[in-house]
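Each chain, letter by letter, is given below.
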Amino acid sequence: EAGVTQFPSHSVIEKGQTVTLRCDPISGHDNLYWYRRVMGKEIKFLLHFVKESKQDESGMPNNRFLAERTGGTYSTLKVQPAELEDSGVYFCASSLTTTSGGADTQYFGPGTRLTVL
Amino acid sequence: AQSVAQPEDQVNVAEGNPLTVKCTYSVSGNPYLFWYVQYPNRGLQFLLKYITGDNLVKGSYGFEAEFNKSQTSFHLKKPSALVSDSALYFCAVRARINAGNNRKLIWGLGTSLAVNP
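Here the structure is a predicted model, which means the values were calculated and not measured.

Calculation notes
Residues numbered from 1 in each chain as written. Chains lettered and ligands numbered in written order. Predicted model: local features only at pLDDT ≥ 70, side-chain atom pairs only at ≥ 80, totals over all residues. Heavy atoms only, no water. Helix = DSSP H or I, 4+ residues; strand = E, 2+ residues; numbered from the N terminus. Buried < 20%, exposed > 50% of the residue type's maximum accessible area, 1.4 Å probe, protein only. Polar contact = N/O pair within 3.5 Å; in protein donor to acceptor, adjacent residues only side chain to side chain. Contact = heavy atoms within 4.5 Å. Core = buried A, V, L, I, M, F, W, Y, C linked by side-chain atoms within 4.5 Å.

Student: Can you help me understand the side chain of Ser95 of chain A in this one?
Tutor: All names here are of chain A. Here Ser95 shows up in strand 9 (residues 88-95). Given the relative accessible area of 0%, Ser95 is considered buried. Within the local environment of Ser95, its side chain forms a polar contact with the side chain of Tyr33, the two groups lying 3.0 Å apart. Setting aside its immediate chain neighbours within four residues, Ser95 contacts His29, Asp30, Asn31, Tyr33, Asp104, Thr105 and Gln106.

Student: Please clarify how the nonpolar core should be interpreted in this entry.
Tutor: Looking at soluble globular proteins, one finds that nonpolar side chains tend to be buried together. By size, the foremost hydrophobic cluster in this structure holds 30 residues, and its most contacted members are Trp35, Leu47, Leu48, Phe74, Leu76 and Tyr89 of chain B. Secondary-structure elements contributing two or more residues to this core are strand 2 (10-14), strand 3 (19-21), strand 5 (31-38), strand 6 (44-50), strand 8 (64-68), strand 9 (73-78), strand 10 (87-95) and strand 12 (111-116) of chain B. Ranked by residues supplied to this core, first place goes to strand 10 of chain B with five residues. Not counting the four nearest positions on each side in its chain, Tyr89 of chain B is found in contact with Gln6, Val21, Trp35, Tyr36, Val37, Leu47, Phe63, Leu76, Gly110, Thr111 and Leu113 of chain B. Formed by 21 residues, the second largest nonpolar core is a distinct cluster that contains Val19, Leu21, Trp34 and Leu46 of chain A.

Student: I tried to follow the environment of Leu48 of chain B on my own but got confused; where do I start?
Tutor: Among the structural elements, Leu48 of chain B can be located in strand 6. Considered as a pair, Leu48 of chain B and Gln10 of chain B are 38 residues apart in the sequence and their alpha carbons are 20 Å apart.

In structure tokens form, the structure reads like this:
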């Protein structure tokens, strides 16, 4: 079974440009999450999809960030326009809703390292 | 507010010796607790989780963790460390009961484990 995949692995862009990150979850997983780790700080939650719907987007930094999940499969995270403080590693994770009340395990992709110059 | 503390930035241990990576948390009610590991240039890999029941949880690669409710801790342990265990270890917590199907993980800063030959 393929794991969570993310593309690209690295992206270097200039301030003001647009970048789109892609995440392909494990097949059949209804939950998809985006997290970000800025250097020296903890991993922070950005948002959570259940199928194609945004369940929780409380961690999205501002309206420069737009996430979509087409047809409940893959997801994209667009940053437009990018700022210096957006640099970091963006992780995607997916999980399968369990019947045990929410103790599902989130499986992570390798991350996309974004550098904004 | 929910938070996770990993008090040690780095842990050094000799190969063959037991290792402990510490984690304490602050969350309302009984949480779900997780440990993840990140090897160099790799994504986050799930190690183990505590849901309920036995306070000692066994996970991948010979790791185990002990849930201590009174001390709000979930320390990661391994009886005999290997050089290949050298990596970055993250503790994460999720509230068990919450509104709106909140499944976000709250993370510690991570602990770098170095196992010396």
